[in-house]
Amino acid sequence: MDFALNQQQLEVKAEMRRFAREVIRPVAAKHDAEESTPWEVMKEARDRGIHGIDHLQRMGSDPDGMYGVIGAEELHWGCAGIALAISGSGLAAAGLAASGTPEQIARWVPDCFGTGDEIKLGAYAVTEAGAGSDVKSLRTTAKRDGDEWVLNGTKVFITNGGIADVHVVVANVAPELGHRGQASFVVEKGTPGMSQGKKESKIGIRASHTAEVVFEECRIPVENLLGGEEKLERKLARARSGEPSRGSNALATFELTRPLVGASALGIAQAAYEWTLEYLDEDPLEADFFAPALDESSTAGQPPLARQGNQQILAQVATEIDAARLLVQRAAWMGRNGIPLLGGQGSMSKLKSGQVAVWATRTLMDLVGPFAYTTECPLEKWFRDAKIYELFEGTAEIQRLVISRMQVAEYRERMIEAAAIAAEGTEPDLGGSVAAAAE
Ligand SMILES: Cc1cc2nc3c(=O)[nH]c(=O)nc-3n(C[C@H](O)[C@H](O)[C@H](O)COP(=O)(O)OP(=O)(O)OC[C@H]3O[C@@H](n4cnc5c(N)ncnc54)[C@H](O)[C@@H]3O)c2cc1C
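Procedures and definitions
Residues numbered from 1 in each chain as written. Predicted model: local features only at pLDDT ≥ 70, side-chain atom pairs only at ≥ 80, totals over all residues. Helix = DSSP H or I, 4+ residues; strand = E, 2+ residues; numbered from the N terminus. Rg over C-alpha atoms; globule rule 2.2 N^0.38 Å. Buried ≥ 20, exposed ≤ 12 C-beta atoms within 10 Å, placed from the backbone. Contact = placed C-beta atoms within 7 Å. Near = placed C-beta within 6 Å. Nonpolar A, V, L, I, M, F, W, Y, C, P; charged D, E, K, R; others polar. Domains from an automatic or database assignment. Expected span 1.5 Å × (residues − 1).

Okay, the overall build of the protein chain next. When helices and strands are tallied, the protein chain shows 14 helices and seven strands. In terms of C-alpha radius of gyration, the protein chain reaches 24 Å, essentially the compact-globule figure of 22 Å for 439 residues. If you line up the protein chain on its principal axes, its C-alpha atoms span 80 × 70 × 40 Å. Expressed as a percentage of its 439 residues, the buried residues of the protein chain come to 42%. Taking contacts inside the protein chain between residues at least 6 apart in sequence as the whole, the part at least 24 apart equals 74%.

Structure follows, in structure tokens:
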């Protein structure tokens, strides 16, 4: 087991940090203030090979699964809103990959990013008013009419909603079957009957476009049903016969992306931590400020970084960020190596990182004091940006439910195994290394 990043992983980290520092940071405040889409940054990212299918493939090519989470953390260190504008189409691509046939994936994934100089966007539209966490309650319908499907309903809070070239939309084809009666469809830009509703004005990640998407008698060809007709019929037949579910497509897609979302939240926490260290460091070249005595009162008049009260807080922030990062990297490693996340490790990584981002930005604001409450101080933006990581792609409450249910399922499995072993009268198999150590 090796916890150190290897040479290639360090290079990816340095490359993404450079892009974040040189290209994202200089325009972060502007796009935040204007709530505008950072097309010029996406274009520059494309020029540097940090946007598009090639980039996605490269991020997925690390056998340890680290490139993606390292890259996400560094880009979000630059600005979470801009980073989401660059990477947000990945959710639509993941939705296509989870549900589409190989032909559908080949046809539409490129349209989520564009090719050459052209930048395109994807959107993944699940949430509706009253149906985000409770995905079985979706009310958008898709009805077959000859060679077309007809969509009706309104999606809310959709990243790139209404401006995307490809919308992957989850809708009910058999509402009586709950989430098992849902299917995913592709709706291309300009399709009559699809329009953008209200654009949300948000407190954070303001460079990322979020809007309602409205479908009114929106007709799409039958080929736009992801997975195809036969697969849908089989799935509906299984649901009607009472056969156990193989899981919802929407939930499977979210589960796959959770470590990446966690890494994104960590980028904000890390940015806030680094900035605070620099802000408090009055004399960076002073090497021995640890020299003073260990009792707190004697450090009261010392420079900020030498004060033990401050050190207590900074140490806790650094530790929490590192703990969350280890959860993120473990989940990414497991996912890449085909190890099922049966204990809810993906959700744990997102839950912990979101909480750390919110807690760390607030705690560092407390440490810095009133200046942190002004718009001159970058901490206030990171504080606003961090909150979304407790809300989207599954709220913190929902993450806890997922983790708990998976933990209970694992526990029950162990109990059943133990009972079977007891019934057979055999010793449990401890596995090679444990058994060898016991001898
Ligand atoms: C900026 C932004 C971008 C987004 N992008 C997308 C996107 O691209 N695509 C998309 O489909 N959606 C997107 N969303 C939607 C987001 O994923 C949902 O808002 C989120 O999952 C919460 O669902 P909800 O809105 O139904 O809230 P609700 O589920 O109504 O949640 C309200 C509160 O109730 C709590 N709650 C709900 N159920 C339970 C329960 N069983 N136990 C305990 N507590 C519970 C929640 O945790 C929350 O605190 C985005 C949202 C935002 C804000």
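Quick look at unusual backbone geometry now. Backbone geometry at Asn160 places phi at a positive 70 degrees, although glycine is not the residue there. By the element assignment, Asn160 lies in the loop between β3 (148-159) and β4 (166-172). Taking the C-beta count within 10 Å as the criterion, Asn160 has 28 such neighbours and is therefore assigned buried. The phi dihedral of Glu393 falls on the positive side, at around 50 degrees, and the residue is not glycine. As for its placement among the helices and strands, Glu393 is situated in the loop between α12 (379-386) and α13 (396-424).

The next point concerns the site of the ligand. Around the ligand there are 23 residues in total, and Val126, Gly132, Ser133, Thr395 and Glu397 lie nearest to it. At the level of elements, β1 (122-125), β3 and α13 are the ones that each hand at least two residues to the shell around the ligand. Here the residues of the shell around the ligand are counted per class, giving 12 nonpolar, seven polar and four charged. Split by domain, the shell around the ligand shows at least three residues from each of two domains, domain 2 (122-244) and domain 3 (251-422).

A few words now on helix α7 (residues 102-113). With 12 residues, α7 ought to run about 16 Å at 1.5 Å a step, and its terminal C-alpha atoms sit 18 Å apart, in line with that. In this fold, the buried residues of α7 make contact with α3 (53-59), α6 (89-99), β1, β4 and β5 (182-188). One or two residues past the end of α7 sits Gly114, with phi positive at roughly 85 degrees.

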